[in-house]
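# Working through the structure, step by step
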Amino acid sequence: MPQEQRSALQAYRNHMASYGKGKGKGRNAGRNRAAAHDAMPTAQGAVPAWVMPISQVAEMVAPKRDAFDVVIVDEASQAGIGRAVPAVARSPRDCPRRPNQCAPPVSGMGRLQAIQDRLLSHLPDMPPMLRQLYTPATNLYQLLSTFLPKVIPLEEHFRCMPEIIGWSSRTFYNDKLQPLRQFGGERLDPLVTHFVEGAVTQGRDSRPRNPKEAEAVADCLARLVEDPVYQDKTMGVIALQGPMGQVKLLEQLINERIPAPVCEHPQIRVGNPDSFQGDERHVIPQFPAGNRRIDLVVVGARSRLAVECDGDRFHSARANPA
């Protein structure tokens, strides 16, 4: 590697590390980002394959057609076209990848009419069936698959236990997924259901809460971290009720029951389904049934999936086991 490239690559790493420490905030964040951007044109040639978030591609890589030979977008159904299209435009060959029934990206639907008006103004000759694809309601996979001559399905699944991925395969993939996860005789029980007596969802909009359900999950998690069987297992608590209500309640209750050093360890994470994209866990102690994002939650559990829910959702889960 030439000295010029080596220096640029190390400078890029240092500036991005400084930028990340402040989580992109602070008085020096802009300087660190600009310095990393300045180093990238020289550093880029030193690395054959770059792995980075879509937003970072737009910030760091020069907006030219052949910046990359090939761009692969993982979880393309989660990528809004506002950021994703400029990223894939940097390559003559694009390969979007996605699971079939992934949750759609969050979009600013309140601005949809204004966006449609602007599209009509700038692209009046484009057929409506294509022009409508360039709104926040469309993800990158939907957009590109409209123009690609062929879509190759990925049917081999290595991450989850067969019992966990089996439900997703039957429900969303016409039973075509092939579970290839290898396991021995001393594995965790992959599926567990637990009825929470008296659990009722309270609140509405972005702040719904289910206190009884949250307490049951926090108690369960406290028991698991004390069990030697789970010492080397990562755990995720996924709440579907919304980030402002159930997630904050769960975090509060878990912090009350589990010592801070354990909570702060990457072993435990609490969030909504989007928080676990690319960060799947060995054990998911909470999986509220009856939500359209159910497939994304199910495949987030590698070895054990536990259903903690109230009466109606409990009976729904029992009638439709994973």
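Above this text sits the structure in question.
Every value quoted in this text rests on a predicted model; they were computed, and no experiment measured them.

In terms of helices and strands, the protein carries 13 helices and 9 strands. By sequence separation, contacts in the protein at least 24 residues apart represent 64% of the contacts at least 6 residues apart. About 18400 Å² of surface is accessible on the protein, with carbon and sulfur atoms providing 51% of the total.

All right, on to the nonpolar core then. In terms of nonpolar packing, the biggest core is built from 27 residues, with Tyr12 and Leu140 touching the most fellow members. Among the elements of the structure, α1 (3–21), α2 (29–43), α3 (54–60), β1 (71–73), α4 (81–88) and α7 (140–145) are those that each provide at least two residues to this core. Not counting the four nearest positions on each side in its chain, Leu140 is found in contact with Val73, Ala76, Ala79, Ile81, Ala84, Val85 and Val88. Residues Ala218, Leu249, Leu250 and Val270 belong to the second largest nonpolar core, which totals 22 residues.

Moving on to helix α8 (residues 162–172). Among the residues of α8, Ile164, Ile165, Gly166, Trp167, Ser168, Ser169 and Phe172 are the ones counted as buried. Just past α8, the residue Asn174 takes up positive phi, approximately 55°.

Looking now at the packing of α1 against α2. With their axes 8 Å apart at the nearest point, α1 and α2 run at an angle of 155° to one another. Here α1 lies roughly antiparallel to α2, going by the angle between them. Between α1 and α2 lies a crossing of left-handed hand. For the pair formed by α1 and α2, the contact residues are Glu4, Gln5, Ala8, Leu9, Ala11, Tyr12, His15, Met16, Ser18 and Tyr19 on the first element and Ala29, Asn32, Arg33, Ala35, Ala36, Ala39, Met40, Thr42 and Ala43 on the second. Among the residues making up the contact of α1 with α2, the classes are represented as 12 nonpolar, 5 polar and 2 charged.

Turning our attention to the pattern of salt bridges. One pass over the structure, following the stated rule, counts 2 salt bridges. Between Arg257 and Asp219 there is a salt bridge, with the nearest N and O atoms lying 2.6 Å from each other. Taken together, the residues span a long stretch of sequence, with Arg257 in helix α10 (residues 243–257) and Asp219 in helix α9 (residues 211–226) at a distance of 38 residues. A residue is classified by how much of its surface remains accessible, and Asp219, at 33% relative accessible area, is partly exposed. For Glu256, the salt bridge identified is with Arg257, shortest N-O distance 3.9 Å. Through salt bridges with shared partners, a single ionic network connects Asp219, Glu256 and Arg257.

Another point: the environment of Met60. Locating Met60 in the fold gives a position in helix α3. When its relative accessible area of 1% is taken as the criterion, Met60 is described as buried. Taking the C-alpha atoms as reference points, Met60 and Met40, separated by 20 residues in sequence, lie 6.5 Å from one another. Filtering out sequence-adjacent residues up to four positions away, Met60 remains in contact with Tyr12, Met16, Arg33, Ala36, His37 and Met40.

The rules behind each value
- Residues numbered from 1 in each chain as written.
- Predicted model: local features only at pLDDT ≥ 70, side-chain atom pairs only at ≥ 80, totals over all residues.
- Heavy atoms only, no water.
- Helix = DSSP H or I, 4+ residues; strand = E, 2+ residues; numbered from the N terminus.
- Contact = heavy atoms within 4.5 Å.
- Areas by Shrake-Rupley, 256 points an atom, 1.4 Å probe, with all protein chains shown as cover.
- Core = buried A, V, L, I, M, F, W, Y, C linked by side-chain atoms within 4.5 Å.
- Buried < 20%, exposed > 50% of the residue type's maximum accessible area, 1.4 Å probe, protein only.
- Axes fitted to C-alpha atoms, helices over the stretch in contact; angles between N-to-C directions.
- Parallel < 35°, antiparallel > 145°, perpendicular 65-115°, else oblique.
- Left-handed = near helix turned anticlockwise from the far one by under 90°.
- Nonpolar A, V, L, I, M, F, W, Y, C, P; charged D, E, K, R; others polar.
- Salt bridge = Lys/Arg side-chain N within 4 Å of Asp/Glu carboxyl O.

Nothing here speaks to function; it is geometry throughout.
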